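# Structural overview
Each chain, letter by letter, is given below.
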Amino acid sequence: MKRVFSGIQPTNILHIGNYLGAIKNWIELQDKYSCIFSVVDLHAMTVKTDPKTFGDNILMMAKTYLAFGIDPKKSLIFRQSEVPAHTELTWILNTIAKISELERMTQFKDKAKQHKENVNMGLFGYPVLMASDILLYDTNLVPVGEDQVQHIELTRTLAERFNRLYGETFVLPEPMVKKHGARIMGLDDPSKKMSKSSPNAGNYIALLDDPAVASKKIMRAVTDSGSEIKSGANKPALTNLLVIYSLLSGKDIKDIEKEYAGKGYADFKKGLAEVVSGFLSGFQKKFNVIKDSDVRDILADGEKKANEIAERKMRDVKTKIGLTF
Ligand code: AMP
Ligand code: TRP
């Protein structure tokens, strides 16, 4: 069975873009692939974290995976920081990663601009840690949003370079990006992706938003000129809302357009608000009944297994490099 690996950073707010662009696809992969899903807590530290809330965010992230249906009987779930091989391999890959390659990463450039006061080495080396996450487990496929494809290309470059220098060691991974949902845009500005770092809470629907608040955000979402409910390149705002509607309801965009033919934006938004609040209530009901102690047990089990796989890989890496005698 092919290996799938992915992860999300446990920063405080997860939004429907994270679900539609990432977790939703993971659920469907569990029966076809050998899946590993990590809570990449060390990546989260590349921007400022608060010791008072960090642990809760990590727990919440793992609980979110479980509430959406990541099944610990099928998939491995673990915290990155509990598997030391990730940082160990990062150091080794750092010695073959070029500064010029890392400087080209658009996420680094964006984040460096956003956090001018804290452009740290971790932020710069972030893609190397991500490469280690992926390469330790002989990953074939990495399901992510479009914004992460550049990091996976760099992962391939590093894997190829290592294999060339030291002999065949790493599997070359491929990104797996869904066409729709790969980029959910902000409700307040359809030219930028939905993001929890937006200063305007109206930009995103958080997974733990009160469904009534979420409905209001939908009603206030920016629309395009005209009045027809139609997707298309000249209607970026409406296209985004239709994609959200379609992915959350399972209906085709064409069918939704037909359903709202002759109706206005207000009717369409009301319908979408119902879909969104139904989705949120369903998720929150599941999320709220998962016990912290169960999450801890599931993680401990995942970490034991992840450590076994990762340690085996590290032994191979060290032997290839000649760090043994
Ligand atoms: P982040 O929260 O930026 O660490 O992203 C976690 C995962 O969600 C990654 O796989 C991203 O590609 C995906 N993601 C983040 N924002 C969006 C978005 N607006 N639309 C689709 N996917 C997203
Ligand atoms: N960088 C990814 C993001 O921001 C998160 C991530 C870290 C990841 N390690 C990974 C995703 C390994 C896939 C595979 O979304």
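On a predicted model such as this, the values are computed, not experimentally measured, just so you know. (Residues numbered from 1 in each chain as written. Chains lettered and ligands numbered in written order. Predicted model: local features only at pLDDT ≥ 70, side-chain atom pairs only at ≥ 80, totals over all residues. Heavy atoms only, no water.)

Let us look at the site of ligand 1. Neighbouring ligand 1 are 18 residues, the closest being Gly145, Asp147, Ile184, Met194 and Lys196. In the model, an oxygen atom of ligand 1 is placed 2.6 Å from a nitrogen or oxygen of the Asp147 side chain. Taking Lys196, its side chain carries an N or O atom lying 2.6 Å from an oxygen atom of ligand 1. With the chains in place, 91% of the 480 Å² that ligand 1 exposes on its own is no longer accessible. Here the shell around ligand 1 gets four residues from one element, more than from any other, and that element is helix α1 (residues 16–29). Tallied by class, the residues present in the shell around ligand 1 amount to six nonpolar, eight polar and four charged. (Near = heavy atom within 4 Å. Polar contact = N/O pair within 3.5 Å; in protein donor to acceptor, adjacent residues only side chain to side chain. Areas by Shrake-Rupley, 256 points an atom, 1.4 Å probe, with all protein chains shown as cover. Helix = DSSP H or I, 4+ residues; strand = E, 2+ residues; numbered from the N terminus. Nonpolar A, V, L, I, M, F, W, Y, C, P; charged D, E, K, R; others polar.)

As a matter of local geometry, ligand 2 sits amid 13 residues, with His43, Tyr126, Met130, Asp133 and Gln148 nearest to it. Contact between ligand 2 and Gln9: an oxygen atom at 3.3 Å from a side-chain N or O atom of the residue. Between ligand 2 and Gln148, the relevant distance is 3.0 Å, taken from a nitrogen atom to a side-chain nitrogen or oxygen of the residue. Notes on ligand 2: free accessible area 360 Å², of which the protein chains cover 90%. The dominant element in the shell around ligand 2, judged by the number of residues it contributes, is helix α7 (residues 121–135), at four residues. Partitioning the shell around ligand 2 into residue classes produces seven nonpolar, five polar and one charged.

The next subject is the domain arrangement of the protein. As assigned here, the protein comprises domain 1 (3–177 + 292–321) and domain 2 (201–287). Its C-alpha centre places domain 1 at a distance of 31 Å from the equivalent point of domain 2. In this complex, domain 1 contributes twelve residues to the contact, which on the side of domain 2 involves twelve residues. A combined buried area of about 1,300 Å² lies between domain 1 and domain 2, and 84% of that area is made up of carbon and sulfur atoms. If you look at where domain 1 meets domain 2, you find two residue pairs in polar contact (both at pLDDT 80 or more). Elements that contribute at least two residues to the side of domain 1 that touches domain 2 include exactly α1 and α3 (51–68). Among the residues forming the side of domain 1 that touches domain 2, the class breakdown is eight nonpolar, two polar and two charged. (Domains from an automatic or database assignment. Contact = heavy atoms within 4.5 Å. Buried area = accessible area lost by both parts, 1.4 Å probe.)

Turning next to the nonpolar core. Counting residues in hydrophobic clusters, the biggest one holds 62 residues, and the most contacted among them are Ile23, Tyr65, Ile244, Phe268 and Val276. Ranked by residues supplied to this core, first place goes to helix α12 (residues 265–289) with ten residues. Inspection of this core shows a minimum of three residues originating in each of domain 1 (3–177 + 292–321) and domain 2 (201–287). When neighbours within four sequence positions are excluded, Tyr65 is seen to be in contact with Gly7, Ile8, Ile23, Trp26, Phe37, Ser38, Val39, Ile70 and Ile77. (Core = buried A, V, L, I, M, F, W, Y, C linked by side-chain atoms within 4.5 Å. Buried < 20%, exposed > 50% of the residue type's maximum accessible area, 1.4 Å probe, protein only.)

Throughout the structure, instances matching the rule amount to 17 salt bridges. In this structure, Lys63 engages Asp292 in a salt bridge whose closest nitrogen and oxygen atoms are separated by 2.7 Å. With a gap of 229 residues between them, Lys63 in helix α3 and Asp292 in helix α13 (residues 292–321) connect regions that are remote in the sequence. On the basis of relative accessible area, Asp292 is assigned to the partly exposed category, the value being 33%. Asp189 is the salt-bridge partner of Lys192, the closest N and O atoms lying 3.3 Å from each other. (Salt bridge = Lys/Arg side-chain N within 4 Å of Asp/Glu carboxyl O.)

For the rest of this paragraph, the subject is empty space enclosed by the protein. Taken as a whole and judged by the stated rule, the model has one cavity of 30 Å³ or more. Volume-wise, the largest cavity comes out at about 40 Å³. In this structure, the largest cavity is lined by Gln107, Phe108, Lys111, Leu123, Tyr126, Pro127 and His151. Put simply, the parts of the chain that give the lining of the largest cavity at least two residues each are α6 (106–114) and α7. (1 Å grid on protein atoms, 1.4 Å probe; cavity = no way out; pocket = protein on both sides within 12 Å on 5 of 7 lines; lining within 4 Å. Points joined across faces, edges and corners; volume = space filled by probe spheres on them.)

One non-glycine residue, Asp138, lies in positive phi territory at about 50°. Mapped onto the elements of the fold, Asp138 is located in the loop between α7 and β4 (141–143). With a relative accessible area of 31%, Asp138 lands in the partly exposed category.

A few words now on a positive patch on the surface. Side chains of Arg104, Lys109, Lys113 and Lys116 sit close together on the surface and give a patch of like positive charge. If you trace the backbone, Lys109 turns up in helix α6. Given a relative accessible area of 42%, Lys109 falls into the partly exposed group. (Patch = residues over 30% accessible without salt bridge, like charges linked within 9 Å, V, L, I, M, F, W, Y side chains within 5 Å. Lys, Arg positive; Asp, Glu negative; His and termini not counted. Charge placed at Lys NZ, Arg CZ, Asp CG, Glu CD.)

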